[in-house]
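Each chain, letter by letter, is given below.
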Amino acid sequence: MITAPRQAVFWPEPKRTIVMAPILASYAQDRWHKAVSGFEDIQSAVNGQIIAQASSSGLDFGGLVQHARNKGGPALRKLNFHQRADMIKKLALYLTERKQTLYDLSFNTGATSRDNLFDIDGGIGTLFAYASMAKKHLPDKYILAEEVETLSRNGTFMGTHILSSLQGVAVHINAYNFPCWGMLEKLAPAIIAGVPVITKPATVTSYVAHAVAQMIVDSGIFPPGAFQFICGSTGDLLDHLEGQDVLSFTGSITTSEKLRNHPIISANAVRFIAERDSLNAAVLGPDISPDMPEFDLFIRAVTQEMTVKAGQKCTAIRRIMVPETIIAEVTTALKARLDRIVVGDPQHEGVTMGPLAGLAQREDVRRHVATLAQESEIVFGDPQHCDPLGASDQSGAFMSPVLLQNLNPRDATSVHHTEAFGPVATIMPYTSLADAACLVKRGEGSLVATLCTYDDNVAAELVASLASFHGRLHILDRDCAKESTGHGSPLPALVHGGPGRAGGGEELGGIRGIRHYMQRTALQASPTRLTRLTGRWTIGAQEALRKEHPFRYNFAQLTVGDTIHTQPRTITVQDIEHFAEFTGDTFYAHTDEKAAAANPFFPGRVAHGYLLLSFAAGLFVDPAPGPLLANYGLESLRFLKPVSPGDAIQVRLTVKSKNAAREPHYGEVRWDVELFNQNKETVARYDLLTMSAQPAAA
Ligand code: NDP
């Protein structure tokens, strides 16, 4: 909560009115906590003025953890995946209506309007994406069940894996560069998994995160204890963590090591996810010459990655690898493009790059550029000076983009180890693809690399040698450039994280991101017991033979295990010939006895697989109008044994699982369908997907 002003601050520019530096409160145990001491001043990146103060002093960190465990966790676990996803969607809508407030605050972090699209719209977009993925791919249940394994000869003892919500708390410690996105991209998967969150933003941009937190609290969407927010240091928070908790961190290697080696984190095997410094590379393929479209795409991608968020992106390109034969052309083109970047006050028209997050951060970047410059030559930009539009580089943390060149990267070390977290990158030549791969790997693991090539062999060779060193590979060419989301954008559906130096963690990646907050447990039992526990019918489990055909029951009335066994139907040569003629599928295995017999898989002419599916439907449907609304697909279809003329097929149709649909008037029903021949041998098996009306609409 932004509370009563402690101290007045006067902005020097006439356009800015007098404002007070508010104290940013923490949200702990369902109330706002305002510290009375230990304040850290937070300065505007644009003009250095103090705009807020943060302190977490006086917080009972153990109390926060207990509150999350005792109140937030149980409340979230009472809701199923869909209900939690609904909350995330509601929150996304709530924040969307208020995002102008966040944009306005963000300008002081140095973010331009374009940067805000990544941080604010990107953060809210991640909430929408997670809500949607969870409704689509997760059941309206409390646990996730994986595939069933048969563990015994007679099928009376089976195994599966289930994932259940951890009964602890997710502690999220975030970096300063994305105060909104960083908080929301971690929050969505944890809440959908049923785990309460304690989030701690980096102090320097915490006023933006604080505004998001305030909106989350004001929305009243989450149950008590599900969301807590620490503004300031984490005190002794980590001392209270246990084996059911998750610590997810984004930031520097130094802090990451400190946290990973914290005695409680290692002793209690607290799950630790780290996403940290990364010397991401961009490789221009040896097949690309300056007259090809990929050349220009490469120049644009590198410039964008150097300058969006003033290069303060964990995914930014730091190392640019180009064929030695065209390094001069690439350097010239890059310099020309960087020359078009306008550094200045993000609110000033025409500005394309704002300042760094603060003066301390700029000092850090300058120090790292000095280290890099011991081995490389600065070919564009002056790290010590720039002339920002509408601002001063004395009071604001402005810095020119800086391009370095290293002509001997095999012997260099700093270029592969030093991350200048700003608009800084180094260009270097390579002699062969193997050399390029070797140089990229000197980064010791990265979040992402861009490979810009239009040659299949180049792409294949680089992917083979670099994939295990990266969390994501972005292959850029003329065919995908227009719609490419770019090198630097982590996407909710794809994994974000990388091995080695990048932290060894993994976030996002669709439903994978939710699983980080759940425990996988192997479950062994009889098929009937497994069906009852998981809500998913498995072969060998009890079947329910009800009075009516299952298509007569609406979604609510259907129960998992409801089954019918059909009458047999004998397949004749005439059936096969009719089907071949009718559909045009005259493949020899169905029409030519001699050719079919020569095929090692067939005894002679056999029925079409699709004929069997059609006859199966003819056997199991109940044709009259009723609650079954539509068939929307088949999954996992396998034809297991050929069916010859004279064989008789029969069908078992069983309700395998039920899932609430996005629309309230129907539900999704998955059926296990098995086709047998007259010898009780399975000839085909698949999942049939249908929509069944809910009672009110039935
Ligand atoms: P830090 O690692 O110092 O901080 C990251 C987060 O950790 C902040 O929220 C910080 O809080 C918190 N933190 C710091 N020390 C502790 C601790 N002992 N216990 C618990 N939490 C702690 O990184 P910075 O944000 O200062 O950035 C430094 C460098 O990290 C950058 O220059 C860059 O190289 C790299 N970085 C990498 C990012 C990535 O995504 N890979 C993102 C941002 C930075 P507080 O702010 O209150 O200190």
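The rules behind these values
- Residues numbered from 1 in each chain as written.
- Predicted model: local features only at pLDDT ≥ 70, side-chain atom pairs only at ≥ 80, totals over all residues.
- Heavy atoms only, no water.
- Helix = DSSP H or I, 4+ residues; strand = E, 2+ residues; numbered from the N terminus.
- Buried < 20%, exposed > 50% of the residue type's maximum accessible area, 1.4 Å probe, protein only.
- Contact = heavy atoms within 4.5 Å.
- Areas by Shrake-Rupley, 256 points an atom, 1.4 Å probe, with all protein chains shown as cover.
- Near = heavy atom within 4 Å.
- Polar contact = N/O pair within 3.5 Å; in protein donor to acceptor, adjacent residues only side chain to side chain.
- Nonpolar A, V, L, I, M, F, W, Y, C, P; charged D, E, K, R; others polar.
- Pairing = 2+ DSSP bridges.
- Axes fitted to C-alpha atoms, helices over the stretch in contact; angles between N-to-C directions.
- Expected span 1.5 Å × (residues − 1).
- Phe/Tyr/Trp six-rings, centres within 6.5 Å; stacked < 30°, edge-to-face > 60°.
- Bend = angle between axes of the 7 residues up to and from the residue.
- pLDDT = per-residue confidence, 0-100.
- UniProt positions renumbered as here; feature names shortened; annotations may be inferred.

As recorded in an unreviewed UniProt entry, the chain goes by Phenylacetic acid degradation bifunctional protein PaaZ and comes from Acetobacter cerevisiae.

**Section: the overall build of the chain**
Assigned secondary structure in the chain consists of 20 helices and 31 strands. Across the 698 residues that make up the chain, the buried fraction comes to 56%. Look at the contacts in the chain between residues 6 or more apart in sequence, and 73% of them connect residues 24 or more apart. Within the structure as shown, the chain displays about 28,700 Å² of accessible surface, and the carbon and sulfur contribution to it stands at 52%.

**Focus: the site of the ligand**
Residues in close proximity to the ligand total 24 residues, the closest being Asn174, Thr203, Ser252, Thr255 and Cys314. In this structure, a nitrogen atom belonging to the ligand sits 3.4 Å away from a main-chain N or O atom of Asp277. Contact with the protein chains hides 80% of the accessible area of the ligand, taken as 880 Å² for the molecule alone. Of all the elements in the fold, those that place two or more residues in the shell around the ligand are β14 (246–251), α7 (253–260) and β15 (271–276). Each residue belonging to the shell around the ligand can be placed in one class, and the counts come to 9 nonpolar, 8 polar and 7 charged.

**A look at the environment of His608**
Among the secondary structure elements, His608 is positioned in the loop between α19 (593–598) and α20 (609–620). With 66 residues separating them in the primary sequence, His608 and Glu674 have C-alpha atoms 16 Å apart. Not counting residues up to four positions away in its chain, the partners in contact with His608 are Ile576, Phe579, Ala580, Asp585 and His590.

**Side note on the side chain of His487**
Inspection of the secondary structure puts His487 in the loop between β22 (470–476) and β23 (495–496). Only 2.7 Å separates the side chain of His487 from the backbone oxygen of Thr315, close enough to count as a polar contact. Residue contacts for His487: discarding those within four places in its chain leaves Asn280, Ala281, Glu305, Thr315, Ala316, Ile317, Val448, Ala449, Thr450, Arg472 and His474.

**Brief notes about the sheet that holds strand β18 (residues 377–380)**
Strands pair in a sheet through their backbones, by hydrogen bonds, and they do so in one of two ways: parallel or antiparallel. Taking strand neighbours across the sheet as the criterion, the 7 strands line up as β18-β19-β20-β17-β16-β21-β22 in an open arrangement whose pairing is mixed. Strand pairing shows two members of the sheet lacking a second neighbour, β18 and β22, which therefore form its edges. On average, each strand axis in the sheet is inclined to that of its neighbour by 25 degrees, with strand direction left out of account. Across 6 bridges, the pairing between strand β21 (residues 446–452) and β22 is parallel. Bridge pairing links Thr450 to His474 in β22. In this fold helix α13 (residues 433–441) packs onto β16 (280–284), β17 (317–323), β20 (424–430) and β22, with an angle of close to 150 degrees to the strand it touches most, β20.

**With respect to helix α2 (residues 81–97)**
Here α2 is 17 residues long and its end C-alpha atoms lie 25 Å apart, about the 24 Å a rise of 1.5 Å per residue gives. Looking at α2, one finds that the buried residues are Phe81, His82, Arg84, Ala85, Met87, Ile88, Leu91, Ala92, Tyr94 and Leu95. Of the residues that open α2, the one with a side-chain oxygen 3.0 Å from the backbone nitrogen of His82 is Asn80.

**Notes on the environment of Cys231**
Position of Cys231 relative to the elements: it lies in the loop between β13 (227–229) and β14. Beyond its immediate sequence surroundings of up to four residues, Cys231 is in contact with Leu24, Ala25, Ser26, Ala54, Ser55, Ser56 and Ser206.

**Let's talk about the packing of aromatic side chains**
For the structure on display, the rule yields 7 aromatic pairs. Seen from their ring centres, Phe587 and Tyr588 are 4.7 Å apart, and the 45 degrees between their planes marks the pair as tilted. Residue Tyr588 is classed as partly exposed on the basis of its relative accessible area, which comes to 32%. Here Tyr610 and Phe639 contribute two aromatic rings whose centre-to-centre distance is 6.4 Å and whose plane-to-plane angle is 85 degrees, an arrangement assigned as edge-to-face.

**Description of the sheet that holds strand β6 (residues 40–43)**
Spatial strand order, β3-β7-β6: 3 strands in an open sheet with mixed pairing. This sheet does not close on itself; its edge strands, each paired only once, are β3 (23–24) and β6. Relative to strand β7 (residues 50–54), β3 runs parallel, the two being bridged by 2 bridges. Within the sheet, the bridge partner assigned to Ile23 lies in β7 and is Gln53.

**Examining helix α4 (residues 113–137)**
Structurally, the α-helix is built with 3.6 residues per turn, so residues lying three or four positions apart point the same way. Between its terminal C-alpha atoms α4 stretches 34 Å, which fits the 36 Å expected from 25 residues at 1.5 Å a residue. Largest kink in α4: about 35 degrees, centred on Gly122.

**Some points on the confidence of the model for the chain**
In the predicted model, the chain carries a mean pLDDT of 93, and 97% of its residues have values of at least 70. Scored below 50 in pLDDT, residues 1–19 shows 45 contacts in the model against residues more than four places distant or in partner chains.

**Brief notes about the UniProt feature "domain: Aldehyde dehydrogenase" (unreviewed entry) in the chain**
In the numbering adopted here, UniProt assigns the feature "domain: Aldehyde dehydrogenase" (unreviewed entry) to residues 41–519. Secondary structure within residues 41–519 divides into 37% helix and 19% strand; the distance between the first and last C-alpha atoms comes to 41 Å.

**Examining unusual backbone geometry**
Positive phi, close to 70 degrees, is recorded for Asp30, a residue that is not glycine. With respect to the helices, strands and loops of the structure, Asp30 is situated in the loop between β4 (26–28) and β5 (31–33). What makes Asp30 partly exposed here is its relative accessible area of 27%.

**Digging into the pairing of β20**
Buried residues dominate β20, accounting for 7 of its 7 residues. The side-chain alternation of β20 yields two buried faces, one formed by Val424, Thr426, Met428 and Tyr430 and the other by Ala425, Ile427 and Pro429. In this sheet, β20 lies alongside β17 in parallel orientation, the contact comprising 5 bridges. In the strand pairing of β20, Val322 is matched with Pro429. Pairing geometry for strand β19 (residues 402–405) and β20, over 4 bridges, is parallel. From the neighbouring strand, Val402 faces β20, where its bridge partner is Val424.

**A few points about the UniProt feature "domain: MaoC-like" (unreviewed entry) in the chain**
Taken from the UniProt record, the annotation "domain: MaoC-like" (unreviewed entry) applies to residues 559–670. The distance separating the terminal C-alpha atoms of residues 559–670 is 11 Å; by composition the span is 29% helix and 31% strand.

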